[in-house]
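# Residue-level structure breakdown
Next come the chains, spelled out residue by residue.
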Amino acid sequence: LDADLVIVGIGAFPVVGAFSGSVDLAEKPVGGILCDSSLRTSQPDVWAVGDVAAFPLARENNKIVRFEHVDNARRTAAHAVNSMLDPAGCPPYDYLPYF
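All of the points below concern the structure found in this document.

## Overview of the side chain of R66
Within the element layout of this structure, R66 appears in the loop between β3 (63-65) and α1 (70-85). In this structure the side chain of R66 is engaged in a polar contact, spanning 2.8 Å, whose partner is the backbone oxygen of V30. At 3.1 Å, the side chain of R66 forms a polar contact with the side chain of E68. Apart from the residues within four sequence positions on either side, R66 is in contact with P14, V30, G31, G32, D51, V52, A53 and A54.

In structure tokens form, the structure reads like this:
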């Protein structure tokens, strides 16, 4: 995929202040960048993945959640790419958390 900019963040908690005013942020205590079920942010050409992505979890009645787990990071990345390539054919992201 071609991109004008890719931001990679590594750390223990989401630091999203730089995105304030650019994309919608999830309120605390969840925090993170607010996404829809395709992991698209409030900006139509911007997706968020990994533990910074706050998304509606279908199995929890679309409660906004965020997961700090490597499995979720990998799955959200794959789902976001599928959403970019086939928006109409990509089902909503749903995740079964485990620890």
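## Regarding the nonpolar core
Within the largest apolar cluster, 15 residues are counted, with the highest numbers of intra-cluster contacts made by I33, L39, A48, F55, L57, F67 and Y95. Of all the elements, strand β2 (residues 53-57) adds the most residues to this core, at 3 residues. Not counting residues within four places of it along the chain, the set of residues in contact with A48 comprises I33, C35, L39, T41 and A53.

## What to know about the packing of aromatic side chains
Scanning the model with the defined rule gives 4 aromatic pairs in all. Judged by centre distance (5.4 Å) and plane angle (50°), the ring pair of F67 and Y95 falls under tilted. Here F67 is found in the loop between β3 and α1, whereas its partner Y95 is found in the segment after α1, with 28 residues between them in sequence. Both residues of the pair, F67 and Y95, count as buried. With a centroid separation of 6.2 Å and an interplanar angle of 15°, the aromatic rings of Y93 and Y95 are classed as stacked. We classify Y95 as buried; its relative accessible area is 3%. Joined through ring pairs, the aromatic side chains of F55, F67, Y93 and Y95 make up one cluster.

What counts and what doesn't
- Residues numbered from 1 in each chain as written.
- Predicted model: local features only at pLDDT ≥ 70, side-chain atom pairs only at ≥ 80, totals over all residues.
- Heavy atoms only, no water.
- Helix = DSSP H or I, 4+ residues; strand = E, 2+ residues; numbered from the N terminus.
- Polar contact = N/O pair within 3.5 Å; in protein donor to acceptor, adjacent residues only side chain to side chain.
- Contact = heavy atoms within 4.5 Å.
- Core = buried A, V, L, I, M, F, W, Y, C linked by side-chain atoms within 4.5 Å.
- Buried < 20%, exposed > 50% of the residue type's maximum accessible area, 1.4 Å probe, protein only.
- Phe/Tyr/Trp six-rings, centres within 6.5 Å; stacked < 30°, edge-to-face > 60°.

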